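# A closer look at the structure
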Amino acid sequence: MAQIDLRDVCKTLSESSGIFGGGRRSTVAIRDLTLRVPDGQTMVVLGPSGCGKTTLLKLIAGLLQPDSGDVLFNDADMKAVSPGERRIGMVFQNYALYPNLVSRTNVRSYFLFRKKTAALDALARAKFERTSALMGVELAYLLDRKPTTLSGGEKQRVALGRCITRDAAVFLVDEPFANLDQTLREKYRVNLKRLLKQFKITTVYVTHDHHEALLLADILAVMDRGRIEQVGAPREIYDAPKNTFVAAFLNISPGAPPISLIDGHRMPNRETLAQMWVGVRPEDVEVSREPRADGLQGTIAESITLPPRDTTFLTISIGEREVHAQTACGGDHRTGDPVWLTFKRYHVFDKTSGVRLRSHDGGDDDLVAPDSDVHLG
Ligand code: ADP
Ligand code: MG
């Protein structure tokens, strides 16, 4: 069991540019990154492709050394500890299996290369049986085959099996289900969740998939361009996003963009909102067909109703920008209809920095500062 800390970690990667390998181009993959993964918890790092997720895992694993800053396991500096000694189970996007060993042996490989004792043998058998039970026929039919005969998705399954079989203190997982088809992906996510709950292994799971992140995370960390933007429970981050990037990135329901940003000067109470973005979630927009003095006037640009719950998503034009609204009943909104919008809750962001300054909850204009607890709704 382990608590993982990254303290002020920086890492610049360089690659040669051009086919003639002239100059070298460097990318800052990780910038001043400080993050704590508590013992026994699953932290999901959610961020767009290229933001540095794989690099972050390699730094924790010891496959890369930071340029500056520290990686600690249980407060012990890992600088001098090799990847093999860190008791890590890894499933990376292209994690190599032993090519000349059948899948069964690959899954059990960690135990095969240790000194044999009766206790270790029993543990190995128990862990292997547990893995087999969890992964079922999807792993069973691969056990007698060698990696060279497996597809990408099948190799991933064997690598995942190996990872959950070995006796790891830390589990590092890099988008393991990206190559699997939808049905298997959903099944494995749920199985993995069950497994992580059962063994309470400290886990860092990186993905760009929101649904995967929301399902698996005890703690969510939203990452962008080498930085962790915000850490917290998924609901906390959704309810009190630190800035416009986080607000617009974390999407808990498909069907509409997660937040609409409106120029503050368009709002009815505009004098306090100049130089601000007003951000509103689709579920917090109330649409009235009658003029309202406290309402923001707009025009229906699009109405789309999605099964199976018959939720209607409206796109409303406000000047050059659009506001997305989610309503339970379809109504008979037609393109071009005028409507008046009021917001059950909304956030106010600084236009220059994108930082959230406060949130308004309900009709009473409660001000909620970014650092305080926000209990919306
Ligand atoms: P993610 O896993 O979030 O997609 P990565 O950690 O793989 O992101 O990459 C972060 C950044 O570092 C990207 O801009 C990527 O192009 C760059 N990068 C990744 N690996 C290397 C490498 N070996 N050499 C140079 N740059 C790299
Ligand atoms: Mg990656």
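## Brief notes about the sheet that holds strand β12 (residues 276-280)
The strand order across the open sheet formed by four strands is β11-β12-β18-β19, and the pairing between neighbours is antiparallel. What marks the edges here is a single partner per strand, and that holds for β11 (260-263) and β19 (356-361). Averaged over all neighbouring strand pairs, the angle between strand axes comes to 25 degrees, with direction disregarded. Sheet topology places β12 next to strand β18 (residues 345-350); four bridges connect them, and they run antiparallel. Within β18, the residue paired with Trp277 across the bridge is Phe349.

## Re the pairing of strand β6 (residues 88-91)
Residue alternation in β6 divides its side chains into two sets, Ile88 and Met90 and Gly89 and Val91, and both sets are buried. Here four bridges tie β6 to strand β7 (residues 170-174), and the two strands are oriented parallel to one another. Counterpart to Val91 in the pairing with β7 is Val173.

## Comments concerning the site of ligand 1
Inspection of the region around ligand 1 gives 13 residues, with Gly50, Gly52, Lys53, Thr54 and Thr55 positioned closest. Take Lys53: an N or O atom from its side chain is 2.9 Å from an oxygen atom of ligand 1. About the coverage of ligand 1: the protein hides 65% of its 570 Å² of free accessible area. Every element with two or more residues in the shell around ligand 1 is listed here: β1 (4-16), β2 (24-37) and α1 (53-61).

## Regarding the pattern of salt bridges
Counted under the stated rule, the structure contains 16 salt bridges. Among the salt bridges present, the one from Lys53 reaches Glu175, with a minimum N-O distance of 3.9 Å. In this pair, Lys53 sits in helix α1 while Glu175 sits in the loop between β7 and α7 (182-199), placing the two residues 122 residues apart along the sequence. When its relative accessible area of 5% is taken as the criterion, Lys53 is described as buried. A single salt-bridge network, built from bridges that share partners, covers Asp70, Asp77 and Lys79.

## A short note on the domain arrangement of the protein chain
Domain annotation of the protein chain identifies domain 1 (34-242) and domain 2 (246-368). If you average the C-alpha positions of domain 1 and of domain 2, the two centres end up 39 Å apart. Between domain 1 and domain 2, the contact holds 18 residues from the first and 16 residues from the second. Across the domain 1/domain 2 interface, buried area totals approximately 1,400 Å², and carbon plus sulfur atoms make up 68% of it. The largest contributions to the domain 1 side of the interface with domain 2 come from His210, Tyr238 and Pro241, which together make up 46% of the buried area. The interface formed by domain 1 and domain 2 holds zero salt bridges in total. Counting across the domain 1 and domain 2 interface gives six residue pairs in polar contact (both at pLDDT 80 or more). Those elements giving two or more residues to the side of domain 1 that touches domain 2 turn out to be α8 (210-216), β9 (219-224), β10 (227-232) and α9 (234-239). Among the elements that make up the side of domain 1 that touches domain 2, the one with the highest residue count is α9 (five residues). Looking at side-chain class alone, the side of domain 1 that touches domain 2 contains 10 nonpolar, four polar and four charged residues.

## Focus on the nonpolar core
Counting residues in hydrophobic clusters, the biggest one holds 38 residues, and the most contacted among them are Val44, Val158, Phe171, Phe177, Leu192, Tyr205 and Leu220. Residue-level mapping places this core at the junction of two domains, with at least three residues from each of domain 1 (34-242) and domain 2 (246-368). Membership of the second largest hydrophobic core comes to 32 residues, among which are Ala2, Leu35, Leu56 and Leu172.

## Considerations on α7
Counted at 1.5 Å a residue, the expected span for α7 with its 18 residues is 26 Å, and the 26 Å between its end C-alpha atoms agrees. Turning to α7, its buried residues number three or more, namely Leu184, Arg185, Tyr188, Arg189, Asn191, Leu192, Leu195 and Leu196. Where α7 terminates, the next one or two residues include Lys200, which has phi positive at roughly 50 degrees.

## Re the sheet that holds strand β17 (residues 338-343)
In spatial order, the strands read β13-β17-β14-β15-β16; together these five strands make up an open sheet with antiparallel pairing. Both outer strands of the open sheet, β13 (285-288) and β16 (321-327), are each paired with one neighbouring strand and no more. Taking the axes of each pair of neighbouring strands and ignoring which way they run, one obtains an average angle of 45 degrees across the sheet. By the bridge criterion, seven bridges tie strand β14 (residues 296-306) to strand β15 (residues 311-318) in an arrangement that is antiparallel. When the sheet's bridge partners are listed, Ile300 is paired in β15 with Ile316.

## Things to note about the packing of helix α4 (residues 118-135) against helix α6 (residues 152-165)
The interhelical angle for the contact between α4 and α6, taken along N-to-C directions, is 140 degrees, at an axis separation of 9 Å. Taken as axis vectors, α4 and α6 run oblique relative to one another. α4 and α6 meet at a crossing whose hand is right-handed. Contacts between α4 and α6 involve Lys127, Phe128, Thr131 and Met135 from the former and Arg157, Leu160, Gly161, Ile164 and Thr165 from the latter. Split into classes, the residues belonging to the contact of α4 with α6 amount to four nonpolar, three polar and two charged.

Parameters at a glance
- Residues numbered from 1 in each chain as written.
- Chains lettered and ligands numbered in written order.
- Predicted model: local features only at pLDDT ≥ 70, side-chain atom pairs only at ≥ 80, totals over all residues.
- Heavy atoms only, no water.
- Pairing = 2+ DSSP bridges.
- Helix = DSSP H or I, 4+ residues; strand = E, 2+ residues; numbered from the N terminus.
- Axes fitted to C-alpha atoms, helices over the stretch in contact; angles between N-to-C directions.
- Buried < 20%, exposed > 50% of the residue type's maximum accessible area, 1.4 Å probe, protein only.
- Near = heavy atom within 4 Å.
- Polar contact = N/O pair within 3.5 Å; in protein donor to acceptor, adjacent residues only side chain to side chain.
- Areas by Shrake-Rupley, 256 points an atom, 1.4 Å probe, with all protein chains shown as cover.
- Salt bridge = Lys/Arg side-chain N within 4 Å of Asp/Glu carboxyl O.
- Domains from an automatic or database assignment.
- Contact = heavy atoms within 4.5 Å.
- Buried area = accessible area lost by both parts, 1.4 Å probe.
- Nonpolar A, V, L, I, M, F, W, Y, C, P; charged D, E, K, R; others polar.
- Core = buried A, V, L, I, M, F, W, Y, C linked by side-chain atoms within 4.5 Å.
- Expected span 1.5 Å × (residues − 1).
- Parallel < 35°, antiparallel > 145°, perpendicular 65-115°, else oblique.
- Left-handed = near helix turned anticlockwise from the far one by under 90°.

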